[in-house]
Amino acid sequence: MRKNLRPDQLDDLLERPIVAVLATRRPDDELLLSPVWHEWQDGGFTVASSWDDVKVRHLRRDPRASIVVHESSPPYRGLEVRGVATLSKAGASETALRIAIRYLGEEGGRAYAYEEPDDVLIRVEPGVLRAWDFVDEYPDPER
């Protein structure tokens with residue numbers, strides 16, 4: 001297992017529409033794990049949501065968050081970011097549309113963004129970043 005990798009050493013992992021998992025803290029300090037669509041840009045994850053969503057309510061109270069995205073097939077690349085999340089409404093509609101299109105394609109993404117409008121962006125930048133892969137154990141002749 002290769003550890004301590006940089007995000008740019010994970011090839012196309014962060015460009016692929018893989019559902020990530022966002023961890024937020026409940027009021028009793030237990031974790032809520034939420035599957036989320038995401039966008040990796042400028043060294044952090046952006047997730048679109050709505051202001052009254054439970055994960056956003058958690059982050060308004062306690063901004064600590066973790067997000068992980070990983071492959072479920074070899075070479076099992078992955079990236080975890082732990083940090084303090086910020087919430088912003090600026091550019092939320094445009095970013096939510098871009099993320100929806102990434103996961104559902106042009107037509108489906110536009111329909112989803114219209115029916116499920118998101119009005120806040122969750123931004124998680126690394127306080128701690130952990131990246132790994134198993135390329136050495138599962139060599140790919142095309143890499």
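None of these values were measured; they are calculated from a predicted model.

Q: Would you explain the layout of surface pockets in this entry?
A: Gaps between atoms show up when a probe of the same size as a water molecule is rolled over them. The calculated volume of the largest pocket comes to roughly 270 Å³. Along the walls of the largest pocket sit 16 residues, with Trp37, Ala48, Ser49, Tyr112 and Asp118 positioned nearest its centre. Looking at the lining of the largest pocket, the elements with two or more residues in it are strand 2 (31-36), strand 4 (44-49) and helix 2 (92-115). When residues in the lining of the largest pocket are grouped by element, the largest group, five residues, is from helix 2. Broken down by class, the residue content of the lining of the largest pocket amounts to ten nonpolar, two polar and four charged.

Q: Before we go on, may I ask you to explain helix 1 (residues 54-61) in this structure?
A: Each full turn of the α-helix corresponds to 3.6 residues, which orients residues three or four apart in the same direction. For helix 1, the complete set of buried residues consists of Lys55, Val56, His58 and Leu59. The arc that holds the buried residues of helix 1, viewed along the axis, is 155°, so those residues lie on one side. Residues of helix 1 that are buried sit in contact with strand 1 (20-25), strand 2, strand 4, strand 5 (64-70), strand 6 (78-88) and strand 7 (120-124). Two or three places before Lys55, at the start of helix 1, stands the capping residue Asp53, its side-chain oxygen 2.9 Å from that residue's backbone nitrogen.

Q: I tried to follow a nonpolar patch on the surface on my own but got confused; where do I start?
A: Taken together, the side chains of Val21, Leu31 and Leu33 make up a nonpolar region of the molecular surface, amounting to roughly 260 Å² of accessible area. Mapped onto the elements, Val21 comes out in strand 1. Judged by relative accessible area, which is 32%, Val21 ranks as partly exposed.

Calculation notes
- Residues numbered from 1 in each chain as written.
- Predicted model: local features only at pLDDT ≥ 70, side-chain atom pairs only at ≥ 80, totals over all residues.
- Heavy atoms only, no water.
- 1 Å grid on protein atoms, 1.4 Å probe; cavity = no way out; pocket = protein on both sides within 12 Å on 5 of 7 lines; lining within 4 Å.
- Points joined across faces, edges and corners; volume = space filled by probe spheres on them.
- Helix = DSSP H or I, 4+ residues; strand = E, 2+ residues; numbered from the N terminus.
- Nonpolar A, V, L, I, M, F, W, Y, C, P; charged D, E, K, R; others polar.
- Buried < 20%, exposed > 50% of the residue type's maximum accessible area, 1.4 Å probe, protein only.
- Arc of directions from axis to C-beta.
- Contact = heavy atoms within 4.5 Å.
- Polar contact = N/O pair within 3.5 Å; in protein donor to acceptor, adjacent residues only side chain to side chain.
- Patch = residues over 30% accessible without salt bridge, like charges linked within 9 Å, V, L, I, M, F, W, Y side chains within 5 Å.
- Areas by Shrake-Rupley, 256 points an atom, 1.4 Å probe, with all protein chains shown as cover.
- Salt bridge = Lys/Arg side-chain N within 4 Å of Asp/Glu carboxyl O.

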